[in-house]
Amino acid sequence: MRTGAVRHSFASSRATSVALGVAIAVSLGAPAFSETTPWATNEGGRMRLVALPPASDGTIRGALQIEPNPGWMTYWREPGDAGIPPQLTFPEEAAVQLKKMEYPVPKRIDSGDLRDIGYDHPVTLPFELKVEDISKPVKVGVSAFVGLCRNICIPFQADFALELADTGPSMEEAMLLASAETRLPEPASDDFKVIHHALSDEDLLKLQLRLPAETAGAPQVIVTGPEGHAFFDSGKGEVTGRDYSLDIPIDKLPHGYDVKGKTWGVLVIAGDRAMESSLVFN
């Protein structure tokens, strides 16, 4: 059973890493003023940043590339029972905002009694930044914080520097981002969506899904509730034509949590397709 794993609510700062006794902070030396930074490495793998020049509205498209070493894994935005989700942070004085980070379809990885959600292979996480002033080259420091795990989970932090000018996109970086975006879950559509959802008094989330016509076998379903909480299907749903009904046990919610008015997420993996949607509780 893996030891040293932590919920990401305990891994949001350097102080937590020190407390774990396994923190690794990486200094890259001289800043890399380019659209692709040098790799930062530790015993579990390596990571770097890729970014395109800012668009006319100040939007910067980029990506965090993570390459776990063989036998290691890194995490999805909700890591499951244990682990550390990827984070990007910026100095308080930096005039830049992280608008969103996106995640390719992950794997459910079981290890004893623990259920992780992540990647045991190289993964590229697209992100979008917004800067206030593009009249001059954008110089920004970025701190990336991820978890790499094998027998223990190691927080891995690296500080990067980007200098971006509006000189037109680089073909190499643009192709990398385009490739990463093809690996993202698709949005809900008429042939692949949530038809109904409801939380019962027995703390069961009842879902009815419409699956693609080509689906063979039961899909894999992961529900993300309050931050730090993920819930898994049992694989014992009921198939009626193209509809799939299942109950997911909901437990360990924060004390006093009221689902009314909240929005959760659901990821459905059916064969070689995956769909991500929202669950709104009125």
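Our structure is the block above this text.
Residues numbered from 1 in each chain as written. Predicted model: local features only at pLDDT ≥ 70, side-chain atom pairs only at ≥ 80, totals over all residues. Heavy atoms only, no water.

Caption draft 1: Looking closely at the layout of surface pockets. Its volume calculated, the largest pocket comes out at about 340 Å³. Every residue lining the largest pocket is counted, 14 residues in all, and those nearest its centre are Asp 81, Arg 115, Ala 230, Asp 251 and Lys 252. Sort the elements by how many residues they give to the lining of the largest pocket and strand β17 (residues 230–232) lands first, with 3 residues. Split by residue class, the lining of the largest pocket holds 4 nonpolar, 4 polar and 6 charged. (1 Å grid on protein atoms, 1.4 Å probe; cavity = no way out; pocket = protein on both sides within 12 Å on 5 of 7 lines; lining within 4 Å. Points joined across faces, edges and corners; volume = space filled by probe spheres on them. Helix = DSSP H or I, 4+ residues; strand = E, 2+ residues; numbered from the N terminus. Nonpolar A, V, L, I, M, F, W, Y, C, P; charged D, E, K, R; others polar.)

Caption draft 2: Expanded view of helix α2 (residues 171–181). If you check which residues of α2 are buried, you get Glu 173, Leu 177 and Ala 180. Along the axis of α2, the buried residues cluster in a sector spanning 60°; they form a single face. With respect to the buried face of α2, the exposed residues turned more than 90 degrees away are Met 171, Glu 172 and Met 175. Turning to α2, the residues buried within the fold contact β3 (45–51), β4 (59–68) and β10 (123–131). (Buried < 20%, exposed > 50% of the residue type's maximum accessible area, 1.4 Å probe, protein only. Arc of directions from axis to C-beta. Contact = heavy atoms within 4.5 Å.)

Caption draft 3: Representation of the side chain of Thr 224. Along the polypeptide, Thr 224 turns up in strand β16 (residues 220–224). Excluding residues within four positions of it along the chain, Thr 224 makes contact with Trp 76, Arg 77, Glu 78, His 229, Ala 230, Trp 264 and Gly 265.

Caption draft 4: Fine view of unusual backbone geometry. Positive phi, close to 60°, is recorded for Asp 203, a residue that is not glycine. The backbone phi angle of Lys 252 is positive, close to 60°, even though this residue is not glycine. In this structure, Lys 252 sits in the loop between β19 (243–249) and β20 (263–270). When its relative accessible area of 71% is taken as the criterion, Lys 252 is described as exposed.

Caption draft 5: Spotlight on the packing of aromatic side chains. In this structure the tally under the stated criterion is 3 aromatic pairs. With 5.1 Å between their ring centres and 65° between their planes, Trp 264 and Phe 281 make a pair best called edge-to-face. Taken together, the positions of Trp 264 in strand β20 and Phe 281 in the segment after β21 (273–280) put the pair 17 residues apart, joining distant regions of the chain. Assessed through its relative accessible area of 6%, Phe 281 is described here as buried. Taken together, the aromatic side chains of Phe 231, Tyr 257, Trp 264 and Phe 281 make up a single cluster linked through ring pairs. The ring of Trp 39 has Arg 46 lying over it, and the distance from NZ or CZ to the ring centre is 3.9 Å. Cation over ring: Lys 262 sits above Tyr 257, and NZ or CZ is 5.1 Å from the ring centre. (Phe/Tyr/Trp six-rings, centres within 6.5 Å; stacked < 30°, edge-to-face > 60°. Lys NZ or Arg CZ within 6 Å of the ring centre and 35° of its normal.)

Caption draft 6: Highlighting the sheet that holds β21. Strand order in this open sheet of 5 strands is β13-β21-β20-β16-β17, and the pairing throughout is mixed. Every interior strand has two partners, whereas the edge strands, β13 (186–187) and β17, have only one. With 8 bridges joining them, β20 and β21 adopt antiparallel strand pairing. Bridging from a neighbouring strand, Val 266 pairs with Ser 277 of β21. (Pairing = 2+ DSSP bridges.)

Caption draft 7: Geometry of the nonpolar core. Among the nonpolar cores identified, the biggest contains 39 residues, and Met 47, Leu 49, Leu 64, Ile 66, Leu 88 and Leu 125 are the most heavily contacted of them. Setting aside its immediate chain neighbours within four residues, Leu 125 contacts Gly 62, Ala 63, Leu 64, Ile 66, Pro 86, Met 101, Glu 102, Tyr 103, Pro 104 and Tyr 119. Grouped together as the second largest cluster of nonpolar side chains are 21 residues, Leu 207, Phe 231, Trp 264 and Ala 270 included. (Core = buried A, V, L, I, M, F, W, Y, C linked by side-chain atoms within 4.5 Å.)

Caption draft 8: Structural context of the side chain of Gln 65. Structurally, Gln 65 can be placed in strand β4. Polar side-chain contacts of Gln 65 include one of 2.6 Å to the side chain of Arg 48. Excluding residues within four positions of it along the chain, Gln 65 makes contact with Trp 39, Arg 46, Met 47, Arg 48, Val 50, Val 123, Thr 124 and Leu 176. (Polar contact = N/O pair within 3.5 Å; in protein donor to acceptor, adjacent residues only side chain to side chain.)

Caption draft 9: Representation of the pattern of salt bridges. If you walk through the whole model with that rule in mind, you get 12 salt bridges. Notably, a salt bridge pairs Asp 110 with Arg 108, separated by 3.1 Å at the nearest N-O pair. Judged by its relative accessible area of 27%, Arg 108 is partly exposed. Among the salt bridges present, the one from Asp 243 reaches Arg 210, with a minimum N-O distance of 2.5 Å. Pair noted here: Asp 243 is in strand β19 and Arg 210 is in strand β15 (residues 204–210), with a separation of 33 residues, a long-range link. A single salt-bridge network, built from bridges that share partners, covers Glu 186, Asp 191, Glu 214 and Arg 273. (Salt bridge = Lys/Arg side-chain N within 4 Å of Asp/Glu carboxyl O.)

So yeah, pure geometry; function would need other evidence.
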